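Each chain, letter by letter, is given below.
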Amino acid sequence: MGAKLARILEAIKPEAAYFTEHNGQRGAVLIVDLPDASKIPVLAEPWFLTFQADVEFRIAMTPEDLKRSGIDKMGKQWS
């Protein structure tokens, strides 16, 4: 398992990787910069094919991302 895990992490190059428990199963939290959604398979497939893993994505923004999002305009439009 260790060598396979190392190969995947080398290919994905996460900014950070944390290994933990998730719902009573082995789990990991990887922090990655994903500039294009078409890169999702590059992140997910190694886990699916190597470990038959379940993969979930959480999208997060930096404060700068939030400023560029146009949220102020949306607030005016929808409130």
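About the criteria used
- Residues numbered from 1 in each chain as written.
- Predicted model: local features only at pLDDT ≥ 70, side-chain atom pairs only at ≥ 80, totals over all residues.
- Heavy atoms only, no water.
- Salt bridge = Lys/Arg side-chain N within 4 Å of Asp/Glu carboxyl O.
- Buried < 20%, exposed > 50% of the residue type's maximum accessible area, 1.4 Å probe, protein only.
- Helix = DSSP H or I, 4+ residues; strand = E, 2+ residues; numbered from the N terminus.

Engineer: Is there a simple way to think about the pattern of salt bridges in this case?
Structural biologist: When the charged atoms of two side chains lie near each other, side chains of opposite charge can form a pair. Evaluation of the coordinates by the stated rule reveals three salt bridges. In this structure, R58 engages E56 in a salt bridge whose closest nitrogen and oxygen atoms are separated by 3.0 Å. Taking relative accessible area as the criterion, R58 reaches 67% and is therefore assigned exposed. Put simply, D65 and R68 hold a salt bridge, and the shortest N to O gap is 2.6 Å. Linking D65 with R68, this pair stays in helix α3 (residues 63–68), spanning three residues, or about one helical turn. Here D65 falls in the partly exposed class, since its relative accessible area comes to 26%.

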